[in-house]
Every structure is written in structure tokens, then in C-alpha cells.
Amino acid sequence: MIGTAIEENRTIKVHAHLEDEKEANFLTGMFVEAEIITEIIEANAIAETAVVSMENIHSLLKLNEETDEGYYFDSVSVQVGNTYEGNIALTAMDELTKEDKILTKGTFNLIGGE
């Protein structure tokens, strides 16, 4: 239950019950930090580490070709939305399909070195 009054310190009282109260070792008066999700939005998302932001341009690396000599990537600009649990929403991905292979780690090292 979420309170209806905003306190002087800009907080709102919330009352909640734990799924498994037997495992919790809380004492009266203890506090917890929590996030309250107020809506659900479906979006295409990718690991935050895949997206590099430089001068308000967001880019990622899409695998173009894989050969015996190495991997070749194309830099693709994307528009991003909110982040949640290490993932970032892609609000516009015109040059991508769900089948594309994207580099998810080390992107900054490659794009930043251009």
C-alpha cells in the first residue's frame, strides 16, 4: 500500500509484505530501499555495455562479416530510452533486425579508438 501524503522530507510511506517473511531477519523500525514500478512498457532492449554514447550520439557495433582473419563490425546509430537492470531500451533501430549479432562488451574500446 502506498500512502497518499508526501512528508516534509519528500518521502511517502509504503507498507509491504515480503514473499517469504520467514527468511527475513528484520526488526521493528528497520528500513529497506525499493523501487516501485508503476507501468510496464515493452521495448526492444540490449545490454547497456553494447551502447556507446558520445556527444549525444548513441552507437553500437553490428557484426558485418566473420572470416578466418577476424570479425568486421559496422557502427550503427540508435536511439535509446530507459535503462533497467543493466539493459537499455532501443526506441529506434532502423538499421537493425532482431537477427543481427551485436557486440555487447568492449564496444567503447573499439568505437572510442576511431
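The structure reproduced in this document is the subject of the present report. Bear in mind the structure is a predicted one, so any value in this text is a computation, not a measurement.

Conventions adopted
- Residue numbering note: each chain is counted from 1, following its sequence as written.
- Side-chain atom pairs in this predicted model are given and counted only at pLDDT of 80 or more, local residue features only at pLDDT of at least 70, and totals for whole chains, interfaces and linings cover all residues.
- Remark: hydrogens and water are excluded; side-chain values derive from all non-hydrogen atoms of the structure.
- Segments assigned H or I by DSSP are reported as helices when at least four residues long, segments assigned E as strands when at least two residues long, and all are numbered from the N terminus.
- Each radius of gyration reported is based on C-alpha atoms, and the globular scaling rule is 2.2 Å times the count of residues to the power 0.38.
- Three exposure classes are used, based on accessible area relative to the maximum for each residue type with a 1.4 Å probe and protein chains only: buried under 20%, partly exposed in between, and exposed over 50%.
- The contact criterion used is simple: two residues touch if any of their non-hydrogen atoms lie within 4.5 Å.
- Computed by Shrake-Rupley with a 1.4 Å probe, the accessible areas treat only the displayed protein chains as cover when residues are assessed.
- Two residue types count as positive, namely Lys and Arg, and two as negative, namely Asp and Glu; His and chain ends fall outside the count.
- Throughout, a charge is located at the NZ atom of Lys, the CZ atom of Arg, the CG atom of Asp or the CD atom of Glu.
- Among the buried residues, those of types Ala, Val, Leu, Ile, Met, Phe, Trp, Tyr and Cys that are joined through side-chain atoms within 4.5 Å form a nonpolar core.
- Like charges are joined within 9 Å and nonpolar side chains (Val, Leu, Ile, Met, Phe, Trp, Tyr) within 5 Å, but only among residues with over 30% relative accessible area and no salt bridge; these make up the patches.
- One side-chain nitrogen of Lys or Arg within 4 Å of one carboxyl oxygen of Asp or Glu is enough to make a salt bridge.
- Pairs of N or O atoms within 3.5 Å make up the polar contacts considered here, provided that, within protein, one atom can donate a hydrogen while the other can accept it, and that residues adjacent in sequence are counted only when both atoms are side-chain atoms.

1. Regarding the overall build of the protein
Here is step 1 of the chain: Check the secondary structure of the protein and you find one helix and seven strands.
Here is step 2 of the chain: For 114 residues, the compact-globule estimate of 2.2 N^0.38 gives 13 Å, and the C-alpha radius of gyration of the protein, at 21 Å, exceeds that figure by more than 25%.
Here is step 3 of the chain: Here the C-alpha coordinates of the protein stretch approximately 65 × 30 × 25 Å along the principal axes.
Here is step 4 of the chain: Residue burial in the protein is summarised as follows: out of 114 residues, 17% are buried.
Here is step 5 of the chain: In the protein, 45% of the contacts between residues at least 6 apart in sequence involve partners at least 24 apart.
Here is step 6 of the chain: Carbon and sulfur atoms form 48% of the exposed surface of the protein, whose accessible area is close to 10,100 Å².
Here is step 7 of the chain: Charged side chains in the protein number 7 positive and 23 negative. The centres of these two groups are separated by 6 Å.

2. With respect to the nonpolar core
One recurring pattern in soluble globular proteins: nonpolar side chains tend to sit buried together.
Here is step 1 of the chain: Counting ten residues, the largest nonpolar core is built from Ile46, Ala50, Val51, Leu60, Val76, Val78, Ile88, Leu90, Met93 and Leu96.
Here is step 2 of the chain: Sorting the residues of this core by element identifies strand 6 (71-84) and strand 7 (87-92) as the ones contributing at least two each.

3. Some thoughts on a nonpolar patch on the surface
Here is step 1 of the chain: On the surface, Ile2, Ile6, Ile12, Val14 and Ile36 cluster together to form a nonpolar patch covering roughly 460 Å² of accessible area.
Here is step 2 of the chain: Every element with two or more residues in the nonpolar patch is listed here: strand 1 (2-6) and strand 2 (12-14).
Here is step 3 of the chain: Along the chain, isoleucine 6 turns up in strand 1.

4. Here's the deal with the side chain of threonine 107
Here is step 1 of the chain: On the secondary structure map, threonine 107 appears in helix 1 (residues 107-111).
Here is step 2 of the chain: Only 3.3 Å separates the side chain of threonine 107 from the backbone oxygen of leucine 103, close enough to count as a polar contact.
Here is step 3 of the chain: Excluding residues that lie within four positions of it along the chain, threonine 107 makes contacts with Thr49, Ala50, Val52, Leu60 and Leu61.

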